[in-house]
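Analysis of the macromolecular model
Chain residues, written in single-letter form:
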Amino acid sequence: MKNDSDNKFFGTLPQKELLKLYAKHVNSPKVRFFKGVGLGVILGERAGVKINTLEGAKPTDPPMELYDCHTCGGVYNLGHGNQKIVQTLKDALNSGLDIGDHLQLSEWRAILGAKLAQLMPPGITKTTFGVSGGEAVDTAIKFSRAYTKRRKCISAVGGYHGHTGFALATGDVNFKEKFLWNFPDFKQVPFGDGDTLKNTISDDVACVILEAIPATGGVLIAQEGYFSEVRELCDDHGVMMIIDEVQTGLGRTGHFWAINGGLYEQEKVIPDFMVLGKGMSAGIYPLSTCSYKPFIEKEIFKDDPFIHISTTGGSELGCVVACKMLDIQSDLMFLSHVKEMGKLFGEGLEDIANGHPELIKEVRGRGLMWGVEFNNETLGQFAMLSIIKEGVLQNYCGNKKDTLIMMPPLIVKEEEIKEIIKRIREGVKNINHLV
Ligand SMILES: Cc1ncc(COP(=O)(O)O)c(C=O)c1O
């Protein structure tokens with residue numbers, strides 16, 4: 001058996017062969033798509049804010065070095081291979097810690113639960129663990145239905161909460177129709193529109209679920225007062241308010257929560273449920289959480305504490321990693337760094353937009369989460385490719401393809417922001433050659 005040090009994890013086979021294997025055994029339409037847009041490459045070594053591809057798109061091209069402004073929606077908030085996180089995981093593994101036993105009580109689930117309770121908006125003190133964001137969303141909807149003894153759920157048009165059961169049901173038709181997943185109990189209303197919500201919500205609705213800033217929906221920023229109005233409407237009708245901070249939480253906006261100061265300094269809303277995923281993994285160990293108020297716990301678990309379980313959800317190794325991540329990202333110096341870098345990044349994007357009114361309609365965002373809306377969907381898609389060619393990985397929003405979403409790692413430095421902006425500027429300038 002080889003030593004760890006002899007193992008090779010990047011470029012184990014030539015890219016061409018890997019693409020063939022991927023097409024044959026994983027997903028051939030996906031390979032065709034990436035080749036079709038000239039990005040038939042596989043990601044290789046990665047560190048900090050950068051990722052390399054194994055080879056260039058063409059045999060003559062060198063490997064690409066990409067600044068990661070996709071970060072899988074905040075999975076890489078701490079960059080790739082953050083040494084503090086890696087060391088924590090290594091130490092935990094070396095000490096003999098493993099996933100743990102989901103039926104037993106757990107030291108690390110207790111510690112992480114307590115840490116989350118300290119950081120959550122006041123009163124949200126209980127946590128149920130999962131593996132993915134979708135699982136945590138499913139849990140919140142499931143618990144809302146059990147608590148209220150109602151079936152209905154209201155979500156936002158263009159919103160995205162995952163591809164699992166209830167999460168899929170909250171989403172747009174394009175993702176669920178194929179799976180015969182259009183349930184009459186699940187209704188969508190336009191995001192940011194309090195009046196339509198008022199006319200849709202009623203005493204037979206279990207929950208309203210919203211992202212604080214819909215990411216897949218186009219990085220939409222609701223007007224000040226919208227979430228307070230949602231809170232009030234939920235209270236009036238005994239409806240659970242679920243906020244999905246899978247992308248916006250953990251410091252992304254320069255505040256620890258978007259819903260609690262990150263959108264508007266003065267507007268601090270307390271939902272009944274707060275859902276987290278992505279960044280909880282620190283890019284290393286998958287973990288998601290559904291946190292909620294104690295009155296909900298009483299109703300769900302009182303007769304059967306095993307009524308909801310997840311074998312690998314809340315693995316103890318994942319909890320250790322998440323605790324370390326929370327310590328780093330809740331630090332006030334860390335959050336003020338995000339604010340500073342976010343300001344620089346936002347100003348850079350605004351400046352690019354001001355120079356190209358023929359291409360860009362609007363730039364909007366908070367902290368280090370920005371949307372650049374182009375004048376139409378074709379431009380948005382061309383812009384994505386053109387900017388990737390300049391070495392900045394980002395993507396268009398799945399439910400609003402005229403808008404690029406940019407989420408650099410939160411540890412990004414000033415020189416890196418400047419370099420990223422320089423490359424985005426070049427990419428935008430080059431779109432005219434592509435159209
Ligand atoms: C806001 C939001 N919620 C939930 C999810 C689902 O997370 P997962 O893909 O881990 O199931 C996503 C995934 O992109 C998301 O963006």
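Residues numbered from 1 in each chain as written. Predicted model: local features only at pLDDT ≥ 70, side-chain atom pairs only at ≥ 80, totals over all residues.

Observations concerning the overall build of the protein
Within the protein one finds 13 helices and 15 strands. Summarising its shape, the C-alpha atoms of the protein cover approximately 65 × 60 × 45 Å along the three principal directions. A separation threshold of at least 6 residues defines the contact pool for the protein, and within that pool the share at least 24 residues apart is 73%. (Helix = DSSP H or I, 4+ residues; strand = E, 2+ residues; numbered from the N terminus. Contact = placed C-beta atoms within 7 Å.)

Describing helix H11 (residues 332–355)
Compared with the 34 Å implied by 1.5 Å per residue over 24 residues, the 35 Å span of H11 between its first and last C-alpha is a close match. Taken together, the buried positions of H11 are Val338, Met341, Gly342, Phe345, Leu349 and Ile352. (Expected span 1.5 Å × (residues − 1). Buried ≥ 20, exposed ≤ 12 C-beta atoms within 10 Å, placed from the backbone.)

Digging into the site of the ligand
Close to the ligand lie 15 residues, the nearest being Ser132, Gly133, Gly134, Gly162 and Val246. Of the residues assigned to the shell around the ligand, the class counts are four nonpolar, nine polar and two charged. (Near = placed C-beta within 6 Å. Nonpolar A, V, L, I, M, F, W, Y, C, P; charged D, E, K, R; others polar.)

With respect to the domain arrangement of the protein
Partitioning the protein into domains gives domain 1 (83–329) and domain 2 (333–365). Distance between the C-alpha centres of domain 1 and domain 2: 28 Å. Across the boundary between the two partners, domain 1 contributes eight residues, which contact seven residues of domain 2. Per-class residue counts for the side of domain 1 that touches domain 2 are four nonpolar, four polar and no charged. (Domains from an automatic or database assignment.)

What to know about the packing of helix H2 (residues 83–94) against helix H10 (residues 316–329)
Contact geometry of H2 with H10 gives a least axis separation of 9 Å together with a crossing angle of 150°. As the angle between them shows, H2 and H10 are arranged roughly antiparallel. Considering only the axes of H2 and H10, their crossing is right-handed. Each of Lys84, Ile85, Thr88, Leu89 and Ala92 in H2 lies in contact with H10, whose residues at this interface are Leu317, Val320, Val321, Lys324, Met325 and Ile328. Broken down by class, the residue content of the contact of H2 with H10 amounts to eight nonpolar, one polar and two charged. (Axes fitted to C-alpha atoms, helices over the stretch in contact; angles between N-to-C directions. Parallel < 35°, antiparallel > 145°, perpendicular 65-115°, else oblique. Left-handed = near helix turned anticlockwise from the far one by under 90°.)

Thoughts on the sheet that holds strand E13 (residues 392–393)
For sheets, the rule is that strands pair by backbone hydrogen bonds, running either parallel or antiparallel. What the four strands build is an open sheet, ordered E1-E2-E3-E13; its pairing is mixed. Each of the sheet's edge strands pairs with one partner strand only, and the pair in question is strand E1 (43–47) and E13. (Pairing = 2+ DSSP bridges.)

Overview of the nonpolar core
Counting 121 residues, the largest nonpolar core has Cys207, Val208, Ile242 and Val275 as its most contacted members. Residue contributions to this core reach at least three from each of two domains, namely domain 1 (83–329) and domain 2 (333–365). Every residue in contact with Cys207, bar those within four places of it in the chain, is listed here: Ile141, Ser144, Cys153, Val239, Met240 and Ile242. (Core = buried A, V, L, I, M, F, W, Y, C linked by C-beta atoms within 7 Å.)

Points about helix H4 (residues 133–148)
In this model, H4 (16 residues) spans 23 Å end to end at C-alpha, consistent with the 22 Å of a helix rising 1.5 Å per residue. The buried count for H4 comes to 13 of 16 residues, which makes it a mostly enclosed element. Following H4 by one or two positions, Lys149 adopts a phi angle in the positive range, close to 60°.

Looking at the pairing of E1
Here E1 runs beside strand E2 (residues 50–53); their pairing, made up of three bridges, is antiparallel. Considered in E2, the bridge of Leu43 is made with Thr53. Adjacent in sequence and paired antiparallel, E1 and E2 are bridged by two residues, among which Gly48 carries a positive phi angle near 60°.

Description of the pairing of strand E9 (residues 273–276)
Burial along E9 is two-sided: the face carrying Phe273 and Val275 and the face carrying Met274 and Leu276 are both buried. In the sheet, strand E8 (residues 240–244) pairs with E9 via three bridges, with the strands oriented parallel. Pairing of Ile242 across the sheet is with Phe273, part of E9. As paired elements, E9 and strand E10 (residues 288–292) share four bridges and run antiparallel to each other. Among the inter-strand pairings, Leu276 is bridged to a residue of E10, identified as Thr289.

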